[in-house]
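Structural overview for review
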Amino acid sequence: QVQLLESGGGLVQPGGSLRLSCAASGSIFSMRLMGWYRQTLGKERELVATITSGGTTTYADSVKGRFTISRDNAKNTVSLQMNSLKPEDTAVYYCYLYGGYWGQGTRVTVSS
């Protein structure tokens, strides 16, 4: 059984920063790809960023230059540093692990 636990969400003003973390535990078969997705009311869950076991990253165009994904293989964690946050970044953010595993989500609200 695999568990993904996200943390770090909260309320932040536009232009502010947050750092999300995801800790993986349990019977992990593969760490080849981890990522962050987000979902808002009325929209489909969308990809934010991914990172491979080798450190290759991808980002949604909407977050390029503002968000940075990283991982610590020794600790089985993946993080998302979010800078210059915008109101449209407001969403529930979900951690993803290759194989179809999802965390419970952590809410990010960007508002004045």
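Let me sum up the structure you'll find in this document. Numbers given to residues run from 1 along each chain, matching the order in which its sequence is written. pLDDT decides what is reported in this predicted model: residues at 70 or higher carry local features, side-chain atom pairs at 80 or more are listed and counted, and totals for whole chains, interfaces and linings draw on all residues regardless. The side-chain quantities take in all heavy atoms of the structure and omit both hydrogens and water.

**Some points on the pairing of strand β3 (residues 18-26)**
- Where strand β1 (residues 2-7) lies against β3, six bridges are found, and the strand directions are antiparallel. Residue pairing in the sheet places Gln3 in a bridge with Ser25 of β3.
- Only when DSSP finds a minimum of two bridges between them are two strands counted as paired. Every helix listed is a DSSP run of H or I at least four residues long, and every strand listed is a run of E at least two residues long, numbered separately from the N terminus. Two strands pair when backbone bridges link them, and β3 and strand β8 (residues 77-82) are joined in this way by six bridges, in the antiparallel orientation. Paired with Leu20 across the bridge in β8 is Leu80.

**What about the side chain of Thr106?**
- If you trace the backbone, Thr106 turns up in strand β11 (residues 106-110).
- What qualifies as a polar contact is a pair of N or O atoms within 3.5 Å, subject to a donor-acceptor requirement within protein and to the restriction that residues adjacent in sequence count only when both atoms come from side chains. Within polar-contact distance, the side chain of Thr106 engages the backbone nitrogen of Gly9 at 3.2 Å.
- When checking whether two residues touch, look at their non-hydrogen atoms; a contact exists if any pair is within 4.5 Å. Excluding its chain neighbours within four sequence positions, the residues that come into contact with Thr106 are Glu6, Ser7, Gly8, Gly9, Leu20, Ala91, Val92 and Tyr93.

**Examining the pattern of salt bridges**
- Any carboxyl oxygen of Asp or Glu within 4 Å of a side-chain nitrogen of Lys or Arg constitutes a salt bridge here. Inspection of every chain in the model, using the stated rule, returns four salt bridges.
- The partner of Asp61 in a salt bridge is Lys64, and the shortest N-O contact between them spans 3.1 Å.
- Exposed residues in this analysis have more than 50% of their type's maximum accessible area, buried residues have under 20%, and partly exposed residues fall in between, with area computed by a 1.4 Å probe over protein chains only. With relative accessibility at 63%, the residue Asp61 sits in the exposed group.
- The salt bridge partner of Arg66 is Asp89, with a shortest N-O separation of 2.7 Å. Note that Arg66 is positioned in the loop between β6 (57-59) and β7 (67-72) and Asp89 in the loop between β8 and β9 (91-97), a separation of 23 residues in sequence.
- What makes Arg66 buried here is its relative accessible area of 10%.
- Assessed through its relative accessible area of 0%, Asp89 is described here as buried.

**What to know about the packing of aromatic side chains**
- Two rings belonging to Phe, Tyr or Trp (six-membered ring only in the last case) form a pair when the distance between their centres is within 6.5 Å. Interplanar angles under 30 degrees mark stacking, angles over 60 mark edge-to-face geometry, and anything in between is tilted. Tallied over the entire structure, the rule returns three aromatic pairs.
- Ring geometry for Tyr37 against Trp102: centres 5.0 Å apart, planes inclined by 75°, an arrangement best described as edge-to-face. Residue Tyr37 is located in strand β4 (residues 33-39), and its partner Trp102 is located in strand β10 (residues 101-102); the two are separated by 65 residues in the primary sequence.
- Overall, Trp102 belongs to the partly exposed group, its relative accessible area being 36%.
- Consider the rings of Tyr96 and Trp102, whose centres lie 5.0 Å apart with planes at 55°: the pair is tilted.
- When its relative accessible area of 15% is taken as the criterion, Tyr96 is described as buried.
- Taken together, the ring pairs connect Tyr37, Tyr96 and Trp102 into an aromatic cluster.
- Throughout this description, the term charge over a ring refers to an Arg CZ or Lys NZ atom that lies within 6 Å of the ring centre and within 35 degrees of the ring normal. For the cation-ring pair, Arg32 lies above Tyr98, with the distance from its terminal atom to the ring centre recorded as 4.7 Å.

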